[in-house]
Amino acid sequence: MIAPPPMSGSEAEREPTTLMPAWQPPPTAPPPLAETIAMPARPQPASSVAAGPQGELTIETGPDAGHAHRTGDHAVRMGRSPDNDVILRDPATSGHHARLELRDEQFWIVDLGSTNGTFVNGESIQEKQLGHGDRLTIGQNSIHFALLGA
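Bear in mind the structure is a predicted one, so any value in this text is a computation, not a measurement.

**Observations regarding the nonpolar core**
Counting residues in hydrophobic clusters, the biggest one holds 17 residues, and the most contacted among them are Leu 57, Met 78, Leu 100, Ile 109, Leu 130 and Leu 136. Listed by contribution, the elements that provide at least two residues to this core are strand S1 (55-61), strand S3 (76-79), strand S5 (98-103), strand S6 (106-111), strand S10 (135-138) and strand S11 (141-147).

The structure is reproduced here in structure tokens:
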């Protein structure tokens, strides 16, 4: 190691110089995320359609009015999060709000602990068996349930 040269009297009183990183502009804000949109029902090949009961959810009012989703033997999860089967884009809907499922050839709606609740024909429910023509309220969405072939 090489020793620094000896300092004179006035240089000995100064503090040593420290290296400072070069100035850089502050980072820019990340671009805003795209608005989440409702995805259309996934088309199913004819060979994968269940032989059991079939249902259809038609969103009649709310931000997603006009969308329809079919269901059969697989559960359908509804909510605001993009990993749901039915994505509902309104702030009054919880991330994972409700699930429509088939039990013993009957459709049931189950609230998944949502903040604002799930309603069937105006009645607040935790879970309830659905019949043809029932109306669900999830957030700001009014949803008509129909049994296909009924």
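The discussion continues.
**Remarks on the packing of aromatic side chains**
Here the structure, examined in full by the defined rule, presents one aromatic pair. With a centroid separation of 5.4 Å and an interplanar angle of 65°, the aromatic rings of Phe 107 and Phe 145 are classed as edge-to-face. On the criterion of sequence distance, the pair formed by Phe 107 in strand S6 and Phe 145 in strand S11 is long-range, its members being 38 residues apart. As far as the burial class goes, Phe 107 and Phe 145 line up, both buried.

**Brief notes about the environment of Arg 103**
Topologically, Arg 103 is positioned in strand S5. Residue Arg 103 is classed as partly exposed on the basis of its relative accessible area of 25%. It is 9.8 Å that separates the C-alpha atoms of Arg 103 and Ala 75, two residues lying 28 residues apart in sequence. Not counting residues within four places of it along the chain, the set of residues in contact with Arg 103 comprises Trp 108, Val 110 and Glu 127.

**A look at unusual backbone geometry**
A positive phi is found at Asp 104, a non-glycine position, where the angle reads about 45°. Considering the arrangement of structural elements, one finds Asp 104 in the loop between S5 and S6. With a phi angle near 70°, Glu 105 is a residue other than glycine that sits in the positive phi range. Locating Glu 105 in the fold gives a position in the loop between S5 and S6.

**Some thoughts on the side chain of Ser 142**
In this fold, Ser 142 is placed in strand S11. Residue contacts for Ser 142: discarding those within four places in its chain leaves Thr 58, Ile 59, Glu 60, Thr 61, Arg 135 and Leu 136.

**Re the sheet that holds strand S9 (residues 127-129)**
Pairing within the open sheet is mixed, and its five strands lie in the order S4-S3-S5-S6-S9. Two strands close off the open sheet at either side, each with one partner strand: strand S4 (86-87) and S9. Note that S3 and S5 share three bridges and pair antiparallel. Of the residues in S5, the one forming a bridge with Met 78 is Ala 98.

**A closer look at the environment of His 97**
With respect to the helices and strands, the residue His 97 is situated in the loop between S4 and S5. With 14 residues separating them along the chain, His 97 and Asp 111 place their C-alpha atoms 6.2 Å apart. His 97 has contacts with Met 78, Gly 79, Ala 92, Val 110, Asp 111, Leu 112, Ser 114, Gly 117, Thr 118, Ile 138 and Gly 139, leaving out every residue within four places of it along the chain. A distance of 3.0 Å separates the side chain of His 97 from the backbone nitrogen of Ser 94, its partner in a polar contact.

Cut-offs and rules
- Residues numbered from 1 in each chain as written.
- Predicted model: local features only at pLDDT ≥ 70, side-chain atom pairs only at ≥ 80, totals over all residues.
- Heavy atoms only, no water.
- Core = buried A, V, L, I, M, F, W, Y, C linked by side-chain atoms within 4.5 Å.
- Buried < 20%, exposed > 50% of the residue type's maximum accessible area, 1.4 Å probe, protein only.
- Helix = DSSP H or I, 4+ residues; strand = E, 2+ residues; numbered from the N terminus.
- Phe/Tyr/Trp six-rings, centres within 6.5 Å; stacked < 30°, edge-to-face > 60°.
- Contact = heavy atoms within 4.5 Å.
- Pairing = 2+ DSSP bridges.
- Polar contact = N/O pair within 3.5 Å; in protein donor to acceptor, adjacent residues only side chain to side chain.

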